[in-house]
Amino acid sequence: MAGKSKKKSKSGNIRVTPLDQLQRNKNVIESPFRRLGGVNLSSWVNEVLADALWSVLIAGLLPREKALAAFRGILMTYKQNHERFGGTMLVHSQLAHLSPDNFDLLFKPLCQDEETRNILLALLVFKTLPDRSHWLRVLEAQDAAWAEHAECLAIAVAHCFDHQSEAATDCRWLRVMTLAAQGRIIITEAHSEIFQEIIEYPNLGDMRKVRPSIRSMEMMTRNPEFNKEAPAPWSEAFWNECWKNTNCMPFHRDEEAARTDYRYLFDQIIEVYTSLTKHFFDTVRTTAVDPRHDGCFGLVFYAIQHLMYALKAATGQNVASRSILRTAMEVYVTLSFLVKKDDETIWLQYRNYGYGQTKLAYLKNMSSTDIPSFITLELLESIANEDIWIEHLDIKLGAWADKNLRKMAEEAEVKEIYDRYYDTLSGYVHGNWMAVRHSVFGECLNPLHRFHRIPLPPREFEQDAVPDLVKIVNLCLERLTSIYPPFKPRFRLVSGVISEGKGDNPGQTQSTDGQEPVPINDSQ
């Protein structure tokens, strides 16, 4: 449909379906493939690559023209003698059931070439290789050592690991052409042109169309209904042998992360906090309970404190900063909602909810012998009793405004900020897998380990949360200014300041609130 094409991700060449084109089913936003129904997922890496290892070695290590010529030679022999091979696919689990004569007919000529033979010797390191006896014979070898062949195995697997890579597509083309040699692919006249391009791959046609067609056809060969008599693919045993015989190669993307020096922001925090405190007293109209005044200023002070302690503990580039930023973002949404409504009843509702939750915590802990170390009963009782006697205080359960944060963001017209920050940051607060994966694990660069995840020591990230914290705090100051004007001071970042002498030029100042920066020492 026109205008409904997939978009390229800004971070790379991956094409993804835009969010507004996905369908929601109750509380699940479904994959676009869900619409097709009856889709059986299959993995090239986990189910196919190992079983096609001989072709992976050839496609991954030989010059491409030579590799494809080797494939064509085997296919020619296969086609000319297809009655002898029946429905056997050219994969290890099925080749194991060929007679020695039939196996040798296919592969002995291939092993006459010294370069190809040396590459295929790597097959013999696998004790569980289904057709190992055949390869021992045609390679005229007794055994092979991991120390000699691990590197070439890793290189070949790396070249073919991505199921859309050129080398992997070459191997998948071989599978498709094996079916063609068996006479099991029936082509209609409408598809004769594209199939001719597949036959003459990669020398005919537009490869941007031919390669996807090859991959699409190859996936059909994995359907169990297509070959019910085929033995289980040799895969898990392959990966287990790789795991036992080769070492991990730890890597994490933040290894060269340089810490930004934010010490200059401490002076700004002192000045903004001092100015805001003065503005608080300048705008006080009563010493009675004032939910609007206390709530507005309190939320902004709270956000600034989060910024300060993020800087003090140098947490901007570690996992703790994501939780701090998540809190600051929620403070901004809450403040925006309160300011947008600017209803005395709603301000009081926000305040009383906090007191009610304090009472609830007090009641839950008052008879406990194991009170959390970060609180005391005296503190909880003191806060809960501030406005009215605790016995008169209701405890509201659920959301304080009877709305979730998303709905509050919509009504406050700050949904854009919510969408940018909430989902990712909430993962860090709740320990969702994305946050655990990012914070704890790095990649193993060994292709023979499937580039699996391995734990790394605690570390700093290249991506720094402090600029976002500064932006959110400045937005909170904007909200406060809208109902308690005027208040001009804002935080300003200085670009290019790296700690430990890594950067001597502080660079230029930049505003984080979308306006011209206002000097901190400007009075209101």
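Our subject is the structure listed above.
Treat the numbers as computed from the prediction; the structure is a model and nothing was measured.

Colleague: Tell me about the sheet that holds strand 5 (residues 250-251), and please be specific about residues and values.
Modeller: Taken together, the 3 strands give an open sheet; going across it, the order is 5-6-7, and neighbouring strands pair in antiparallel fashion. Of all strands in the sheet, those bounded by a partner on one side alone are strand 5 and strand 7 (453-455). Pairing geometry for strand 6 (residues 441-444) and strand 7, over 3 bridges, is antiparallel. Paired with Phe-441 across the bridge in strand 7 is Pro-455. Its contacts with the sheet place helix 21 (residues 433-440) against strand 6 and strand 7, and it is angled at close to 65 degrees to strand 6.

Colleague: Requested: an account of the pattern of salt bridges, with residues and values cited.
Modeller: By the definition in use, this model includes 29 salt bridges. In this structure, Asp-254 and Arg-459 form a salt bridge, with 3.6 Å as the shortest nitrogen-oxygen distance. Note that Asp-254 is positioned in the loop between strand 5 and helix 14 (264-283) and Arg-459 in the loop between strand 7 and helix 22 (466-483), a separation of 205 residues in sequence. An identical accessibility class is assigned to Asp-254 and Arg-459; each is buried. Among the ionic pairs, Arg-263 bridges to Asp-261, the shortest N-O distance being 2.5 Å. A relative accessible area of 12% places Asp-261 in the buried class. Among the charged side chains, a salt-bridge network with shared partners connects Arg-64, Glu-166 and Asp-170.

Colleague: Got a sec to walk through the environment of Thr-481? Specific residues and values, please.
Modeller: Mapping Thr-481 onto the fold places it in helix 22. By relative accessible area, Thr-481 is classed as buried at 16%. With 185 residues separating them in the primary sequence, Thr-481 and Cys-296 have C-alpha atoms 9.9 Å apart. Look past the residues within four positions of Thr-481 in its chain and what remains in contact with it is Pro-486, Phe-487 and Arg-490.

Colleague: Give me the lowdown on helix 8 (residues 132-139), citing residues and values where you can.
Modeller: Turning to helix 8, its buried residues number three or more, namely Arg-132, His-134, Trp-135, Val-138 and Leu-139. End-on, the buried residues of helix 8 take up no more than an arc of 155 degrees, which puts them together on one face. Buried residues belonging to helix 8 abut helix 2 (53-61), helix 5 (92-95), helix 6 (100-107) and helix 7 (114-120). Looking at the residues trailing helix 8, positive phi occurs at Glu-140, about 55 degrees.

Criteria and cut-off values
Residues numbered from 1 in each chain as written. Predicted model: local features only at pLDDT ≥ 70, side-chain atom pairs only at ≥ 80, totals over all residues. Heavy atoms only, no water. Pairing = 2+ DSSP bridges. Helix = DSSP H or I, 4+ residues; strand = E, 2+ residues; numbered from the N terminus. Contact = heavy atoms within 4.5 Å. Axes fitted to C-alpha atoms, helices over the stretch in contact; angles between N-to-C directions. Salt bridge = Lys/Arg side-chain N within 4 Å of Asp/Glu carboxyl O. Buried < 20%, exposed > 50% of the residue type's maximum accessible area, 1.4 Å probe, protein only. Arc of directions from axis to C-beta.

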